[in-house]
Amino acid sequence: MGFEYSGILGIIILILDIWAILQIVKGGGSTGSKLVWILIILLLPVIGLLIWLLAGRNRL
């Protein structure tokens, strides 16, 4: 039963990460800052998403 929940949670995190990357790409920030945010989200999927939501979302 624990495997099912972790699988669903993983899919939710993947969807949120893809959404965040699309928002970053569509944003008006510089190419360098977009690249840094995308790398952070790809390398640290959960923590990177939370950091972007709290610190970077309104700045791009």
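Just above, that's the structure.
Please read all numbers here as calculations on a predicted model, not as lab measurements.

J.: Lay out the packing of aromatic side chains in plain terms, naming residues and giving numbers.
T.: Scanning the model with the defined rule gives one aromatic pair in all. Between Trp19 and Trp52 the ring centres are 5.8 Å apart and the planes differ by 75°, which places this aromatic pair in the edge-to-face class. Here Trp19 is found in helix 1 (residues 2-26), whereas its partner Trp52 is found in helix 3 (residues 45-56), with 33 residues between them in sequence.

J.: Could you give an account of helix 2 (residues 31-43), with specific residues and numbers?
T.: If you check helix 2, its first and last C-alpha atoms are 18 Å apart, about what 13 residues at 1.5 Å a residue would give, namely 18 Å. The complete set of buried residues in helix 2 reads Lys34, Trp37, Ile38 and Ile41. Here the buried residues of helix 2 occupy an arc of 100° about the axis, which is enough to place them on one side. Residues of helix 2 that are exposed and point over 90 degrees away from its buried face: Leu35 and Leu43.

Rules used in this analysis
Along each chain, residues carry numbers from 1 onward, in the same order as the chain's sequence is written. Where local features are concerned, this predicted model is filtered to residues with pLDDT of at least 70; where side-chain atom pairs are given and counted, the filter is 80 or more; whole-chain, interface and lining totals use all residues. No hydrogens and no water enter the side-chain calculation; it runs on all heavy atoms of the structure. Under the pairing criterion, centres of Phe, Tyr and Trp rings, with the six-membered ring standing for Trp, must be within 6.5 Å; the plane angle then separates stacked pairs below 30 degrees from edge-to-face pairs above 60, leaving the rest tilted. Numbered from the N terminus, helices here are DSSP runs of H or I no shorter than four residues, and strands are runs of E no shorter than two. Given the number of residues in a helix, its expected span is that number minus one, multiplied by 1.5 Å. Burial classes: relative accessible area under 20% of the type maximum marks a residue as buried, over 50% as exposed, and values in between as partly exposed (1.4 Å probe, protein chains only). In this context, the arc is that of the directions from the helix axis out to the C-beta atoms.

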